[in-house]
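# Architecture and fold: a report
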Amino acid sequence: MEEKNRTMIEEGRRVLERLQSRQHEAYFVGGFVRDFVLERPVKDVDIATSAKPEEVMEAFSKTVPTGLQHGTVTVLTGAYSFEVTTFRKETEYEGFRRPAEVEYITDLEEDLKRRDFTMNAMAMDVEGNLIDPFGGRSDMDRGVLRCVGEAAERFGEDALRMLRCIRFAAEYGLDIEEATWQALLRQASLLRHIAMERVRAELQRMVGGADPARAAGLLLASGLWRYAKTPLALPYAAWGHPHAQAVIAHLSSIPAEEDRWAVLLLLIGSQQLEAVRAELRALTFPGEDIARLTRILAVHAHLQRGDAEDAALRPRPEAQASTEERAAARFKLAVLAHGKEAVRGWLRAAGLLRTACRQQAGAGAASPAGAGRTGQYGTLPGNSAQSGLAVTQGESDCLEASRAGAQRPEQDAQPSAKHGQPSQAVPRLASGRYEASGGLSTDEEMHTAADEACLEELFRFMMEEADVYLENGEPWIRVMPVYSVKDLAVGGSDLMARSGQKAGPWIGETLNRLLERVALGQLENTLEILMTEAFRPTEMRDE
């Protein structure tokens, strides 16, 4: 156990002891107990007590009344804070999200009974003894995720729990108990009552978690994405296409959550930049995140369309540039248009896409399994997605993470719930059955969505054209003499002083023209040369 975790737990024990010294019951509860039992890193420590909120505040010198309406007081001790909540039961819920009223009680088991899943309904005393009235430890040992009591009641109380169900199953490598899964399918439409920022937070945890592939598969299988409070318009069913599944299977090999999002969005919106931007806004992503992700997609559209080719050859359109020279020019213009970081983000995402394409194509040629198989949740990929074919030496450093992903175990390998190892991307119930509701994706819908997402065009580009960018992209970025007009040896004030003209659009147009030519190595970045070029007659510029 890390020293930080050990220190935090010891501080938490002192909180329990202080409450007990005042004749109150007090226990560790919730996610802390779950992760402690699984020997996973502990993020925070929650405490439940028979003490009323005012009694908790009397017991400690530093407290914050963070949720008095629900019986929660934050206790500050040294470098740590602990949420201390009075034992309670919730008589009714409003808006399928929050309890309308809470009633303070003195019974720990009754308090645990109101929680979502058995793995989260355990408590631990100050000596480390486990209190587990609903079999959470046994469920975790068996690798099963199960609601406390009736699943339909738990999801009806708080519809966000359906997304949490998917997140926990993916994060901890658990099979979803059949009754829990069936209740989720029946009540999926309740998600429309949940605020979009809550939905986005759960999706971010899934994508940034231990097994985003399994989370994506369960989302598709559940149909939950259809019922967002603000309707979502992107063709998510395309994630179920064998080509997309081959990519998604390796998402966990990419460390950064943002890069994982870039891959997922490329799969369903590579040619739909405005739709992606609108969707991220609907999901309440912060503006900076939206800007970064859409810039990465804009880089892809720039390179895949090839609209910049004519501009890239200026000022010598008659010259017979090689394919690589044209690609280098197009790539550098993308850097100018969208920025170095966006282009590097695209290189990382494209590296994974390219590797997955190669693996699936190779496995498909070697075995019929590569063609995929049809199941009740649509067409699902065979083991070709994780065949582990070698990556060629020429691939750039951005593929290192994807190389690691190629070594993951076969899809049918059984996960370890204790260690949270990644599991397969398709739904898996504890009973082995895969009953679905009529609202789930069909093969026809999946293929329609794949067409809308331009998947074939995306994968053709990755198979036929992306190599030159992946091999040379980073070196091309490093040798560029300029990246923005701020790097030019000439500025707007220089242009105005030389011309005697007032500021206007002509300054930006002139600077951008000079920037392009310097970046492409057609002009030296000196004040004298740039000033001469800036005022050269139009008919002489291409000489």
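What you see is a predicted model; the values in this text were computed from it and never measured. (Residues numbered from 1 in each chain as written. Predicted model: local features only at pLDDT ≥ 70, side-chain atom pairs only at ≥ 80, totals over all residues. Heavy atoms only, no water.)

### Notes on the overall build of the protein chain
- When helices and strands are tallied, the protein chain shows 24 helices and 13 strands.
- Classification of the 543 residues of the protein chain by burial places 54% in the buried group.
- Split by element, the accessible area of the protein chain, about 23,700 Å² in all, is 47% carbon and sulfur. (Helix = DSSP H or I, 4+ residues; strand = E, 2+ residues; numbered from the N terminus. Buried < 20%, exposed > 50% of the residue type's maximum accessible area, 1.4 Å probe, protein only. Areas by Shrake-Rupley, 256 points an atom, 1.4 Å probe, with all protein chains shown as cover.)

### So, the state of the cysteines
- As enumerated under the stated definition, the model contains zero disulfides in all.
- Cysteine C165 is unpaired, with the sulfur of C147 as its nearest cysteine sulfur at 6.2 Å.
- Judged by its relative accessible area of 0%, C165 falls in the buried class. (Disulfide = S-S within 2.5 Å.)

### Details of the sheet that holds strand β9 (residues 130-131)
- Here we have seven strands laid out as an open sheet, ordered β3-β4-β5-β2-β1-β8-β9, and mixed in their pairing. Among the strands making up the open sheet, the edge pair consists of β3 (63-67) and β9.
- On top of the sheet, helix α1 (residues 3-21) reaches β1 (26-29), β2 (46-49), β4 (72-77) and β5 (80-86); it is set at about 40° to β5, its chief contact. (Pairing = 2+ DSSP bridges. Contact = heavy atoms within 4.5 Å. Axes fitted to C-alpha atoms, helices over the stretch in contact; angles between N-to-C directions.)

### Brief notes about the layout of surface pockets
- Estimates place the volume of the largest pocket at around 1,800 Å³.
- Lining the largest pocket are 49 residues, with G31, D46, E83, D116 and R164 positioned closest to its centre.
- Of all the elements in the fold, those that place two or more residues in the lining of the largest pocket are α2 (31-37), β2, β3, β5, β6 (88-94), β7 (98-104), α7 (160-172) and α9 (196-207).
- For the lining of the largest pocket, the leading source of residues is α7, giving seven residues.
- Counted by class, the lining of the largest pocket contains 14 nonpolar, 12 polar and 23 charged residues. (1 Å grid on protein atoms, 1.4 Å probe; cavity = no way out; pocket = protein on both sides within 12 Å on 5 of 7 lines; lining within 4 Å. Points joined across faces, edges and corners; volume = space filled by probe spheres on them. Nonpolar A, V, L, I, M, F, W, Y, C, P; charged D, E, K, R; others polar.)

### Some words on helix α24 (residues 527-534)
- Considered for burial, the residues of α24 that qualify are L530, M531, E533 and A534. One face of α24 carries all of its buried residues, which in axial projection span an arc of 165°.
- Those residues of α24 that are buried lie in contact with α22 (492-499) and α23 (505-519). (Arc of directions from axis to C-beta.)

### Some details on helix α13 (residues 273-282)
- Here α13 has its buried residues at V276, R277, E279, L280 and A282.
- Where α13 is buried, its residues meet α9, α12 (257-269) and α14 (287-305).
- Backbone geometry just downstream of α13 places T284 in the positive-phi region, at approximately 60°.

### Concerning the pattern of salt bridges
- One pass over the full model with this rule turns up 31 salt bridges.
- The partner of R154 in a salt bridge is E157, and the shortest N-O contact between them spans 2.8 Å. Residue R154 and its partner E157 are both found in helix α6 (residues 151-157); the two are separated by three residues, about one turn of the helix. When sorted by exposure, R154 lands in the same class as E157, which is buried.
- Here D289 ties to R292 by a salt bridge, and the two come within 2.4 Å at their closest N and O atoms. Highlighted residues: D289 and R292, both in helix α14, separated by three residues, approximately one helical turn.
- What makes D289 buried here is its relative accessible area of 18%.
- One network of salt bridges, in which partners are shared, links R34, D35, R40 and E171. (Salt bridge = Lys/Arg side-chain N within 4 Å of Asp/Glu carboxyl O.)

### Side note on the environment of S493
- As for its position among the elements, S493 is in helix α22.
- Considered as a pair, S493 and A503 are 10 residues apart in the sequence and their alpha carbons are 8.6 Å apart.

### Describing the environment of Q23
- Residue placement: Q23 occurs in the loop between α1 and β1.
- Since its relative accessible area comes to 71%, Q23 is described here as exposed.
- Taking the C-alpha atoms as reference points, Q23 and S50, separated by 27 residues in sequence, lie 9.2 Å from one another.

### Considerations on empty space enclosed by the protein
- Within this structure, the stated rule accounts for three cavities of 30 Å³ or more.
- Its boundaries defined by the atoms lining it, the largest cavity holds a volume of some 280 Å³.
- L203, L219, Y236, W239 and W261 are, among the 23 residues lining the largest cavity, the residues nearest its centre.
- Listed by contribution, the elements that provide at least two residues to the lining of the largest cavity are α9, α10 (212-222), α12 and α13.
- For the lining of the largest cavity, the element with the highest residue contribution is α10, accounting for five residues.

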